[in-house]
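Commentary on secondary and tertiary structure
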Amino acid sequence: MTRLTTGLIAIMLPLAAAAQVESYAIDPHHTVPYWETNYLNFATMRGRFDSATGMFTLDRAARTGTLEITIQTANLSTGAGRTLKRTRDEHLRTPDFFNVVEFPTMTYSAKSVKFKGDDPEVIEGSLTLLGVTNPVALKVERWRCGPDPRTAGKIYMCGGNATGSFKRSDFGMKFGLPTAIGDEVSLWISFFGFRQ
Amino acid sequence: MEEIFGHPAVQGGVAPFVVGLIVVLLLQSLRLGGLAVVAAFATAVYFVAGFTFTPLTATRKIILLGLFSPVIGILADFAFKPTRIGAAVFALAGAAAALWVFWPVVSQKDAAEAWLLGGTAAVTVAFMVGFGQMFLAEHAVRAGSAGLGVGLGVGIASILSATATYGLYGIAVCAGAGGFLLVQMIRGKTIAAGATFTLPAMLIAGLVGAGAMVLAKLPWYALLVIALVPVGARLPVPEKAPLWLQAVLLSLYSLSIAAVACALAWPT
């Protein structure tokens with residue numbers, strides 16, 4: 001009997017642990033990565049990628065989690081419009097910057113999330129851009145979980161903002177350095193996901 | 001100083017021209033003045049992107065091929081006599097180089113677009129490299145004028161197609177060819193061009209133009225017109241005219257065709 005109990009516990013423990021890990025599918029319509037950088041030392045140039053897809057997990061008991069975000073690089077927008085014959089967005093899509101034909105996606109992947117109290121505080125992951133992967137930490141702000149008010153609470157969701165920065169030259173994006181376009185790129189990602 | 005060398009006009013034009021000029025002056029007596037083009041190109045690469053080759057993108061493949069091409073050119077000049085078969089081999093190698101650079105990218109597109117872009121890139125580079133070896137390598141003034149025309153044509157057409165990096169690489173080829181041509185014009189004597197000059201000039205310009213088509217917005221038909229720029233440098237000029245005048249006329253012929261390519265690349 002004792003052996004049977006021990007065996008059952010051995011089987012059930014990992015299952016119980018797995019049950020504590022919550023998976024969330026990122027809402028591509030409301031997850032928008034923004035970026036900004038210095039332009040000619042006069043202005044701050046801002047842009048965004050129109051959508052992102054991915055998953056994140058939360059293990060509240062172990063106070064950790066994971067994050068996987070994929071961004072379609074061709075979906076960038078700086079609001080340049082068609083005021084110029086060639087828009088700034090077209091330029092950003094070429095090998096000068098995001099090289100979207102060869103690298104149609106960039107990804108952010110994190111296997112470690114540090115918590116402060118019950119909320120995630122720092123996501124320690126790596127950004128893969130232009131085929132180069134480097135560590136980039138994202139600080140989580142304004143984190144909140146709860147029922148989706150649009151579904152009368154049928155769907156549970158979590159979301160917040162994540163900020164970080166990186167040097168684009170670390171990824172081989174060197175056009176306009178050192179004087180015309182800043183090396184330091186700030187990221188600001190608003191995101192939320194639905195519990196699966 | 002950082003601001004000076006950070007300026008695109010210096011990175012793609014002034015610095016490559018000065019380096020190209022120095023290379024011509026130093027190496028012309030060794031029949032290696034044609035290295036001006038690759039020296040100018042390498043200077044632009046140093047300032048614009050640096051010599052990093054991982055991951056091996058299409059642009060980095062172009063840089064690798066450009067830097068390696070003079071080795072083949074020098075071998076061809078010093079070990080072989082120029083022949084039609086040699087030019088055909090160069091053309092085939094040019095097509096293979098274009099496919100090596102661009103096929104991994106274009107093969108991800110639908111079949112019709114892949115064949116259009118891949119075929120245009122291969123035909124353009126093959127024609128330019130083969131024509132350069134066949135009809136220009138033994139005529140230094142014509143070769144220099146052709147390099148000037150394709151470099152400037154590819155450079156401006158690339159900028160009009162939204163890629164300034166490729167624009168600067170094209171203009172660097174023009175700057176190197178300009179230095180090569182200028183020394184001949186001032187001295188009134190030709191210096192050896194050979195495959196040392198024409199192979200890098202045509203290969204780099206062809207691949208950069210093809211890159212602007214595949215990775216940016218250059219229309220495929222504009223690239224085909226760029227391929228015809230070296231033909232302008234084969235048009236007749238008064239044989240007894242001073243060398244500087246021949247250079248001016250041949251450059252005008254080449255640049256006229258390049259202007260048509262740029263007009264076709266003009267965004268609408």
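Residues numbered from 1 in each chain as written. Chains lettered and ligands numbered in written order. Predicted model: local features only at pLDDT ≥ 70, side-chain atom pairs only at ≥ 80, totals over all residues.

1. Quick word on the overall build of chain B
The test is simple: Helix and strand definitions follow DSSP, with helices as H or I runs of at least four residues and strands as E runs of at least two, each counted in order from the N terminus. Between the buried cut of 20 or more and the exposed cut of 12 or fewer other C-beta atoms within 10 Å of a residue's own C-beta lies the partly exposed class, and all C-beta atoms are placed from the backbone. Residues are scored as being in contact if the C-beta atoms we place from backbone atoms lie within 7 Å.
Broken down by element type, chain B carries twelve helices and zero strands. Listed N to C, the secondary structure of chain B is α-α-α-α-α-α-α-α-α-α-α-α in terms of helices and strands. Across its three principal directions, the C-alpha atoms of chain B cover 55 × 50 × 40 Å. Counting only residues that meet the buried cut, chain B has 60% of its 268 residues in that class. Sequence separation of at least 24 residues holds for 82% of the intrachain contacts in chain B that already meet a minimum separation of 6.

2. Re the overall build of chain A
When helices and strands are counted, chain A shows two helices and eleven strands. When its helices and strands are written in sequence order, chain A yields α-β-β-β-β-β-β-α-β-β-β-β-β. Counting the 196 residues in chain A, one finds 27% classified as buried. Considering only residue pairs separated by 6 or more positions, chain A has 55% of its internal contacts joining residues 24 or more positions apart.

3. Topic: the confidence of the model for chain B
Quick note on the threshold: Across the chain, each position has a pLDDT score giving the predictor's confidence in that residue, from 0 to 100.
Averaged over all residues, the pLDDT of chain B is 95; the fraction at 70 or higher stands at 100%. The ipTM for the predicted assembly is 0.89, set against a pTM of 0.91.

4. Focus: the interface of chain A and chain B
Cut-off, in case you're wondering: All residues other than Ala, Val, Leu, Ile, Met, Phe, Trp, Tyr, Cys, Pro, Asp, Glu, Lys and Arg, Gly among them, are scored as polar; the first ten of these are nonpolar and the last four charged.
At the junction of the two partners, chain A supplies 18 residues and chain B supplies 21 residues. The residue inventory of the side of chain A that touches chain B, partitioned by class, reads six nonpolar, six polar and six charged.

5. Some thoughts on the pairing of strand 10 (residues 156–167) of chain A
Residue and element names in this part refer to chain A. Counted only if it meets this: Paired strands, in this sense, are two strands between which DSSP finds at least two bridges.
Pairing between strand 9 (residues 132–147) and strand 10: seven bridges, direction antiparallel. Residue pairing in the sheet places glycine 146 in a bridge with methionine 157 of strand 10. Where strand 10 lies against strand 11 (residues 181–195), eleven bridges are found, and the strand directions are antiparallel. Among the inter-strand pairings, lysine 167 is bridged to a residue of strand 11, identified as glutamate 184.

6. Some details on the packing of helix 8 (residues 164–187) of chain B against helix 12 (residues 243–265) of chain B
Helix-helix packing: each pair is described by the crossing angle between the helix axes and the interaxial distance. Residue and element names in this part refer to chain B. Short version of the rule: Axis definition: a line fitted to C-alpha atoms, limited for helices to the stretch in contact. Angles are taken between N-to-C directions and run from 0 to 180 degrees.
Two numbers describe how helix 8 lies on helix 12: the axes approach to 7 Å, and their chain directions differ by 145°. Taken together, the residues of helix 12 that come into contact with helix 8 (itself represented by Leu181, Gln184 and Met185) are Leu243, Trp244 and Ala247. Taken together, the residues of the contact of helix 8 with helix 12 sort by class into five nonpolar, one polar and no charged.

7. Quick notes on the environment of glutamate 124 of chain A
All names here are of chain A. Residue position: glutamate 124 is located in strand 8 (residues 119–129). By C-beta crowding, glutamate 124 is classed as partly exposed, having 14 other C-beta atoms within 10 Å. Remark: the alpha-carbon pair of glutamate 124 and leucine 40, spanning 84 residues in sequence, is separated by 31 Å. The residues touching glutamate 124, leaving out its near neighbours within four places in the chain, are Ala110, Ser112, Lys114 and Ala137.

8. A word on helix 4 (residues 58–79) of chain B
Residue and element names in this part refer to chain B. What counts here: To estimate the expected span of a helix, subtract one from its residue number and multiply by 1.5 Å. Each residue is assigned a bend, namely the angle between axes fitted to the seven residues that terminate at it and the seven residues that start at it.
Compared with an ideal rise of 1.5 Å per residue, which puts 22 residues at 32 Å, helix 4 spans 31 Å between its outermost C-alpha atoms and is within 8% of the ideal. Within helix 4, the axis deviates most sharply at phenylalanine 68, by approximately 30°, and proline proline 70 lies no more than four positions further along. The complete set of buried residues in helix 4 reads Ala58, Thr59, Ile62, Ile63, Leu65, Gly66, Ser69, Pro70, Gly73, Ala76 and Asp77. Of the surrounding elements, those touching the buried residues of helix 4 are helix 3 (36–48), helix 5 (84–106) and helix 9 (194–215).

9. Topic: the packing of helix 6 (residues 111–136) of chain B against helix 7 (residues 140–160) of chain B
Residue and element names in this part refer to chain B. The condition is simple: Orientation labels follow simple angle bins: below 35 degrees gives roughly parallel, above 145 gives roughly antiparallel, 65 to 115 gives roughly perpendicular, and whatever is left gives oblique. What makes a crossing left-handed is the near helix being turned counterclockwise from the far one by less than a right angle; a clockwise turn instead makes it right-handed.
Two numbers describe how helix 6 lies on helix 7: the axes approach to 10 Å, and their chain directions differ by 155°. With respect to their mutual orientation, helix 6 and helix 7 come out roughly antiparallel. Helix 6 and helix 7 meet at a crossing whose hand is right-handed. Contacts from Met128, Gly132 and Leu136 of helix 6 reach helix 7 at Arg142, Ala143, Ala146 and Val150. Partitioning the contact of helix 6 with helix 7 into residue classes produces five nonpolar, one polar and one charged.

10. Digging into the environment of cysteine 262 of chain B
All names here are of chain B. With respect to the element layout, cysteine 262 can be found in helix 12. Here cysteine 262 falls in the buried class, since 23 other C-beta atoms lie within 10 Å of it. In contact with cysteine 262, other than residues within four places in its own chain, are Gly153, Ile156, Ala157 and Leu160.

11. Examining the environment of methionine 134 of chain B
Residues and elements named next belong to chain B. Position of methionine 134 relative to the elements: it lies in helix 6. In this structure, the C-alpha to C-alpha distance between methionine 134 and phenylalanine 102, residues 32 residues apart in sequence, is 25 Å. Not counting residues up to four positions away in its chain, the partners in contact with methionine 134 are Arg84 and Ala87.

12. Things to note about the confidence of the model for chain A
Put simply, chain A has an average pLDDT of 87, and 88% of its residues get 70 or more. pLDDT under 50 marks residues 12–17 of chain A. Its contacts with residues more than four places away, or in other chains, come to zero contacts.

13. Concerning unusual backbone geometry
Residue proline 178 of chain A is reached from leucine 177 of chain A by a cis peptide bond, and omega for that bond is 0°. Checked against the element boundaries, proline 178 of chain A lands in the loop between strand 10 and strand 11. Cis geometry marks the peptide bond from threonine 54 of chain B to proline 55 of chain B; its omega dihedral reads -10°. Note on placement: proline 55 of chain B falls in the loop between helix 3 and helix 4. Located in the positive-phi region is leucine 40 of chain A, a residue other than glycine, with phi close to 60°.

14. A short note on the pairing of strand 1 (residues 21–26) of chain A
All names here are of chain A. Across five bridges, strand 1 lies against strand 4 (residues 52–59) in antiparallel orientation. Within strand 4, the residue paired with alanine 25 across the bridge is methionine 55. Relative to strand 11, strand 1 runs antiparallel, the two sharing three bridges. Looking at the pairing, tyrosine 24 lines up with arginine 195 of strand 11.

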